[in-house]
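Listed below, chain by chain, are the residues.
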Amino acid sequence: MKVVTTIAELKHYVHQAKKEQKSIGLVPTMGYLHDGHLTLARTAKAENDIVIMSIFVNPTQFGPNEDFESYPRDLPRDTELAKSAGVDLIFAPSVEEMYPSDGGIKLVAGRQSTILCGASRPGHFDGVVQVVAKLFHLAEPTRAYFGQKDAQQVAIIETMVRDFNFPLEITTIPIVREEDGLAKSSRNVYLSEQERAEAPAIFAALNLAKAHFLQTKNAEEAIALAEKHITENTAGRIDYLQFLSYPDLAVVTPQTEKFLLAVAVYVGKTRLIDNLIFSLKGE
Ligand code: PAF
């Protein structure tokens, strides 16, 4: 496995792979890898000739008071883990390499970015589409792999791929969880022992709400039930807890076929997100 830090090295590698008509799976990450990322990499390996993983803590998707500086970083550890999951090339650029100048040109994510995480993190998804569009141009993947934990991110990236005709396929991988149900996240390392013990209540609350909704079709009651569960079992503050249609992220109507039940909770200083995506049959 190779680790490169410059765009020139990445382009050279991609050029060679394309010449040999190899398919490329791209796994974009911000590093501090966990099983969720490794599942993306393993799936990419099974479906492509070559797997490129980007490891880049992207400053443009962090707000001024967010955790860009303190976001966990450990490239040597990530390199070992990526290697074990079959990654062929890590692209780990510096901020200057990715953003050499501020020419003022920005991508702006649309309607889907103004709700859920976008409402409390203004500009976050503009930063995500900016870096993902660059990575798509640089790595020229046949397929790109994202985790369902960031369901809103996936929906927005799918829209970008469609609207801007990126010649690639997006593959989404189900959420990888700890044994007690907590969704794996690089930010889980921020949790204190007490917060970590409380955090699985978030997934339990989603399941309660889903079961109630499937039985009664009453979204308001289902949300109230989940809110109560989170409030009674954690010291967390709910940022949002919402049913929307998926992937368009619109208000649920009687015609909605696929539901997103999404939650964000501040547990201490850590903002945890989780979700369930399901049809009326519960699948
Ligand atoms: O999901 C993430 O880790 C990031 O948002 C991504 C897609 C790597 C872009 O920086």
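As shown above, the structure is provided for reference.
Rules used in this analysis
- All residue numbers refer to position in the chain's written sequence, counted from 1.
- With pLDDT at 70 or above as the cut-off, local features in this predicted model cover only qualifying residues; side-chain atom pairs require 80 or more to be listed or tallied, and sums for whole chains, interfaces and linings still use all residues.
- Just so you know, side-chain values use all the structure's heavy atoms and leave hydrogens and water out.
- Note: two strands are recorded as paired if DSSP finds a minimum of 2 bridges between them.
- Helix and strand assignments come from DSSP, with helices taken as H or I runs of at least 4 residues and strands as E runs of at least 2, each series counted from the N terminus.
- Working convention: axes come from line fits to C-alpha atoms, limited for helices to the stretch in contact. Angles between N-to-C directions cover 0 to 180 degrees.
- When checking whether two residues touch, look at their non-hydrogen atoms; a contact exists if any pair is within 4.5 Å.
- A molecule or strand has a residue near it when one of that residue's heavy atoms lies within 4 Å.
- Any pair of N or O atoms that falls within 3.5 Å is considered a polar contact. Within protein, one atom must be able to donate a hydrogen and the other to accept it, and sequence-neighbouring residues count only if both atoms are side-chain atoms.
- Only the protein chains shown count as cover for residues, and all accessible areas are computed by the Shrake-Rupley method using a 1.4 Å probe.
- We call Asp, Glu, Lys and Arg charged. Ala, Val, Leu, Ile, Met, Phe, Trp, Tyr, Cys and Pro are nonpolar, and the rest, Gly among them, are polar.
- Classification of ring pairs rests on two measures: the distance between centres of Phe, Tyr or Trp rings, Trp counted by its six-membered ring, which must be within 6.5 Å, and the angle between planes, read as stacked under 30 degrees, edge-to-face over 60 and tilted in between.
- Classification of residues uses two cut-offs on accessible area relative to the type maximum, computed with a 1.4 Å probe and protein chains only: under 20% is buried, over 50% is exposed, and between them is partly exposed.

Novice: Summarise the sheet that holds strand S5 (residues 143–147); cite the residues concerned and give the values.
Specialist: The parallel open sheet is built from 6 strands, whose spatial order is S1-S4-S3-S2-S5-S6. One side of each edge strand has no neighbouring strand; the edge strands of this open sheet are strand S1 (2–4) and strand S6 (169–173). Along the sheet, successive strands turn relative to each other by an average axial angle of 25 degrees, direction set aside. Inspection of the sheet shows strand S3 (residues 50–55) paired to strand S4 (residues 89–91) by 3 bridges, in the parallel sense. Across the sheet, residue Met-53 finds its bridge partner in S4, namely Ile-90. Running over the sheet, helix H6 (residues 124–139) touches strand S2 (24–29), S3, S4, S5 and S6 and is turned about 150 degrees from S2.

Novice: Now, about the site of the ligand: what can you tell me, with residues and values included?
Specialist: The immediate surroundings of the ligand are formed by Pro-28, Thr-29, Met-30, Asn-58, Gln-61, Val-131, Phe-146, Asp-150 and Gln-153. Within the side chain of Gln-61, one N or O atom sits 2.6 Å away from an oxygen atom of the ligand. Within the side chain of Gln-153, a nitrogen or oxygen atom sits 2.7 Å from an oxygen atom of the ligand. When the ligand is considered free in solution it has 290 Å² of accessible area, and contact with the protein chains removes 89% of it. Looking at the shell around the ligand residue by residue, the class counts come to 4 nonpolar, 4 polar and 1 charged.

Novice: So what's going on with the packing of aromatic side chains? Residues and values would help.
Specialist: Counted by the stated rule, this structure contains 10 aromatic pairs. Seen in terms of ring centroids, Phe-56 and Tyr-99 are 6.1 Å apart; in terms of plane orientation they differ by 55 degrees. Their pairing is tilted. Note that Phe-56 is positioned in the loop between S3 and helix H3 (75–84) and Tyr-99 in the loop between helix H4 (95–98) and helix H5 (117–120), a separation of 43 residues in sequence. For Tyr-99, a relative accessible area of 16% gives the class buried. Ring centres of Phe-243 and Phe-278 lie 6.4 Å apart, and the angle between their planes is 85 degrees; on these two criteria the pair is classed as edge-to-face. Separated by 35 residues along the polypeptide, Phe-243 in strand S7 (residues 237–245) and Phe-278 in strand S9 (residues 270–279) bring together distant segments of the chain. An aromatic cluster is built from Phe-213, Phe-243, Phe-259 and Phe-278, whose rings are joined through pairwise contacts.

Novice: Got a sec to walk through the pairing of S9? Specific residues and values, please.
Specialist: For S9, the buried fraction is high: 9 of the 10 residues fall into the buried class. Note: strand S8 (residues 258–267) against S9, 10 bridges, orientation antiparallel. Bridge pairing links Val-267 to Thr-270 in S9. What sits between S8 and S9 in their antiparallel hairpin is a turn of 2 residues, with Gly-268 showing a positive phi close to 60 degrees.

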